[in-house]
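What follows is the residue order along each chain.
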Amino acid sequence: MNFYRTTRLMLSGAAFFSLAGSAFALDGTDLLKKINAAYAAQGGTIAADSVDIDGTTVTLKNVTVKPTGGESLPIGEITLSGVEEDEDGGYYIEEAAFPDINKTEDGVTVTAQELTLGGISVPATPGGDTLDTMMLYETAHIGPVKVVKDGAEAFSLLESNLNLTLREDESGFDFDGAFKSMKADLTKTEDAQSKDAIEKLALQHVQGDITMKGAWELAPGTVDISEFAFDFTNVGKLNLGFKISGYTMAFMKSMQDAMKESETNPNKEQSQQALGLAMLGLMQQLSFEAAQVRFDDASITKRALDYAGSQQNMSGKQMADSLKAMTPIMLAQLNIPELQNAVSAAVNTFLDDPKSLTVKAAPAKPVPFPTIVGAAMGAPNTLPQVLGVKVSAND
């Protein structure tokens with residue numbers, strides 16, 4: 001009797017888990033539908049010939065992506081692993097793996113490997129005014145990228161990574177990214193003048209990295225790009241940064257709606273005019289807070305002066321002296337005496353000993369974009385004061 005009772009219990013348990021597995025099995029069609037709903041906010045649709053489910057792995061086969069107003073782009077097979085459905089009906093995807101790229105056209109072959117997105121959140125209901133209604137990802141990765149022309153490697157990238165970290169209170173997120181070990185071979189340039197300039201500037205083989213850091217604060221719509229740097233060996237490092245406010249979820253949705261409406265208008269000239277007016281209206285919601293451009297020299301300045309001087313039958317030092325003499329004359333035409341003196345001093349310092357050159361704009365308080373446009377159109381010479389522009393060298 002005990003044997004039969006135990007057997008019945010085991011069979012009952014197996015039946016229960018079987019039913020539970022069926023009840024909680026992933027719905028691949030629903031997942032694709034909700035991915036599409038979120039992606040549509042960015043202006044596009046995703047289609048797949050079939051959706052296969054294997055545990056927590058979802059495979060989308062023969063995927064095509066169609067931007068609004070554009071042509072379908074074949075992607076191939078996308079594997080979504082570690083898929084979980086949330087209590088609210090949304091989904092979390094541990095990783096999305098895309099097929100490698102290998103395309104040849106007009107003698108140029110482009111290859112890219114290890115294309116993945118990680119930590120993808122698919123909202124149950126997109127289009128709201130909070131971050132949980134957006135489709136976000138935590139990481140993006142692309143492995144080796146190569147461009148080969150006529151059998152020779154013209155460009156390569158070791159890898160690129162992007163990380164997005166949602167703040168605990170969901171008030172916004174921080175992000176950073178890097179394009180590592182970019183290499184470009186410019187020795188195959190055919191234009192004689194360009195080839196000469198490349199050789200004189202010692203740019204036959206360019207190598208470097210691109211890095212970026214920033215944050216987006218949701219409520220005030222503050223976008224702060226603290227670093228967007230291009231750092232190349234034996235050239236220099238150019239770092240750009242800016243900070244604006246007003247780029248809220250509502251602003252972003254209004255901009256997307258304006259673009260969608262423009263795409264659906266068959267009269268392209270009329271749609272472009274309407275889009276332009278809509279964008280001008282939206283720009284009134286943005287304010288400028290700060291910006292910076294900084295260049296740290298790594299020997300390119302001297303070579304550039306030597307090359308420019310050779311085109312004028314003079315030495316690099318003579319070219320530098322000529323530029324120092326011309327700078328105040330050119331700036332005088334702009335009628336900005338305060339900035340003119342600062343720029344002239346910075347240019348003189350930098351050309352005498354090229355180390356760094358920095359331009360900063362930091363107004364005492366945020367400046368609405370309409371104010372900037374008005375100053376640029378009515379009194380451009382007041383812009384440096386409106387924006388709090390300062391120029392320095394070797395600091």
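Throughout this description, residue numbers start from 1 for each chain and increase along the sequence as written. pLDDT decides what is reported in this predicted model: residues at 70 or higher carry local features, side-chain atom pairs at 80 or more are listed and counted, and totals for whole chains, interfaces and linings draw on all residues regardless. Note that the side-chain values use all heavy atoms of the structure and ignore hydrogens as well as water.

The name given to the protein in an unreviewed UniProt entry is YdgA family protein, and the organism recorded there is Rhizobium redzepovicii.

Once that is clear, we can look at the overall build of the protein. Numbering of helices and strands starts at the N terminus; helices are DSSP runs of H or I of at least 4 residues and strands are runs of E of at least 2. Summing up its helical and strand segments, the protein has ten helices and 19 strands in all. For a compact globule of 395 residues, the expected C-alpha radius of gyration is about 21 Å, and the protein comes in at 28 Å, more than 25% above that figure. Along the three orthogonal principal directions, the C-alpha set of the protein runs to about 105 × 50 × 50 Å. What makes two residues a contact is simply this: any of their non-hydrogen atoms within 4.5 Å. By sequence separation, contacts in the protein at least 24 residues apart represent 54% of the contacts at least 6 residues apart. Residue burial considers only the protein chains on display, and all accessible areas are found by Shrake-Rupley using a 1.4 Å probe. Total accessible area on the protein is roughly 23,600 Å²; 57% of this is exposed by carbon and sulfur atoms. Averaging the coordinates of the 30 positive side-chain charges in the protein and doing the same for the 52 negative ones gives two points 5 Å apart. Using C-alpha atoms as the atom set, the radius of gyration is obtained and then compared with a globule rule of 2.2 Å times the number of residues to the power 0.38. Only four residue types enter the tally: Lys and Arg on the positive side, Asp and Glu on the negative side, with His and both chain ends excluded. Charge coordinates come from a single atom per side chain, which is NZ of Lys, CZ of Arg, CG of Asp or CD of Glu.

In this section: the nonpolar core. As a rule of thumb, nonpolar side chains are buried together in soluble globular proteins. L131, M134, W216 and I372 are the most contacted members of the largest nonpolar core, which has 25 residues in total. Broken down by secondary-structure element, the contributors of at least two residues to this core are β12 (172-185), β14 (222-232), α4 (249-264), α9 (369-378) and α10 (383-387). Top contributing element to this core by residue count: α4, with four residues. Membership of the second largest hydrophobic core comes to 17 residues, among which are L26, L31, I35 and V83. Take the buried Ala, Val, Leu, Ile, Met, Phe, Trp, Tyr and Cys residues and link them wherever side-chain atoms come within 4.5 Å; each set so joined is a nonpolar core. We call a residue buried when its accessible area falls under 20% of the maximum for its residue type, exposed when it is over 50%, and partly exposed in between, using a 1.4 Å probe and counting protein chains only.

Moving on, we get to the packing of aromatic side chains. Working definition: a ring pair exists when centres of Phe, Tyr or Trp rings (six-membered ring for Trp) sit within 6.5 Å. Plane angles under 30 degrees give stacked, over 60 give edge-to-face, the rest tilted. Taken as a whole, this structure holds five aromatic pairs when the rule is applied. With a centroid separation of 5.5 Å and 75 degrees between ring planes, the pair formed by F173 and W216 is classed as edge-to-face. Placement of F173 in strand β12 and of W216 in strand β13 (residues 205-217) is noted, with a sequence separation of 43 residues between them. For the pair F173 and W216, a shared accessibility class is recorded, and that class is buried. Three or more aromatic residues link up through ring pairs in this structure, and these residues are F173, F175, W216, Y247 and F251.

Below, the discussion takes up the packing of α4 against helix α5 (residues 268-283). Helix axes are fitted to C-alpha atoms over the stretch in contact, other axes to C-alpha atoms as well, and angles between N-to-C directions run from 0 to 180 degrees. Contact geometry of α4 with α5 gives a least axis separation of 9 Å together with a crossing angle of 170 degrees. If you check the angle between α4 and α5, you find them roughly antiparallel. Residue-level contacts link F251, S254, M255, A258, M259, S262 and E263 of α4 to K268, S271, Q272, L275, A278, M279, L282 and M283 of α5. Asp, Glu, Lys and Arg are counted as charged, while Ala, Val, Leu, Ile, Met, Phe, Trp, Tyr, Cys and Pro are counted as nonpolar; the rest, among them Gly, fall into the polar class. Taken together, the residues that form the contact of α4 with α5 break down as nine nonpolar, four polar and two charged. Angle categories are assigned with fixed cut-offs, so that under 35 degrees is roughly parallel, over 145 is roughly antiparallel, 65 to 115 is roughly perpendicular, and the rest are oblique.

Turning next to the packing of helix α3 (residues 192-200) against helix α6 (residues 300-311). Where α3 contacts α6, the two axes come as close as 9 Å, and the packing angle between them is 135 degrees. Judged by the inter-axis angle, α3 sits oblique to α6. Of α6, the residues touching α3 (which contributes Q193, D196, A197 and K200) are R303, Y307 and Q311. Here the contact of α3 with α6 is built from residues that sort into two nonpolar, two polar and three charged.

This part is about a nonpolar patch on the surface. A cluster of nonpolar side chains, contributed by F228, L238, L240, V293 and V359, occupies part of the molecular surface with about 330 Å² of accessible area. For F228, a relative accessible area of 32% puts it in the partly exposed group. The residues that make up patches have over 30% relative accessible area and no salt bridge, and they are joined within 9 Å when like-charged or within 5 Å when they are Val, Leu, Ile, Met, Phe, Trp or Tyr. Salt bridge, as used here: a side-chain nitrogen of Lys or Arg that lies within 4 Å of a carboxyl oxygen of Asp or Glu.

Below, the discussion takes up unusual backbone geometry. Positive phi is not limited to glycine here, since E114 has a value of about 55 degrees. Here E114 shows up in the loop between β7 (108-112) and β8 (115-122). Phi at N234 is positive, roughly 60 degrees, even though this residue is not glycine. Tracing the sequence through the fold places N234 in the loop between β14 and β15 (236-245).

A few words now on α3. For this analysis, a polar contact is any N or O atom pair within 3.5 Å, provided that within protein one partner can donate a hydrogen and the other can accept it, and provided that sequence-adjacent residues contribute only side-chain to side-chain pairs. Where α3 begins, the side chain of D191 points an oxygen toward the backbone nitrogen of Q193, at a separation of 3.3 Å. Looking at the residues trailing α3, positive phi occurs at A202, about 55 degrees.

How far a helix is expected to stretch is found by multiplying one less than its residue total by 1.5 Å. In a regular helix each residue adds 1.5 Å, so twelve residues correspond to 16 Å; α6 covers 17 Å between its end C-alpha atoms and thus fits that length. I300, T301, R303, L305, Y307 and G309 are the residues of α6 that are buried. Immediately beyond the C-terminal end of α6, within one or two residues, lies N313, with a positive phi of roughly 55 degrees.

Turning to the pairing of strand β1 (residues 44-47), a few remarks are in order. Burial along β1 is one-sided: G44 and I46 are buried, and none of T45 and A47, which face the opposite way, are. Taken together, the four bridges between β1 and strand β3 (residues 57-67) define a ladder with antiparallel strand orientation. In the sheet register, A47 faces β3, and the bridge partner there is T64. Criterion used throughout: strands pair if DSSP finds at least two bridges between them.

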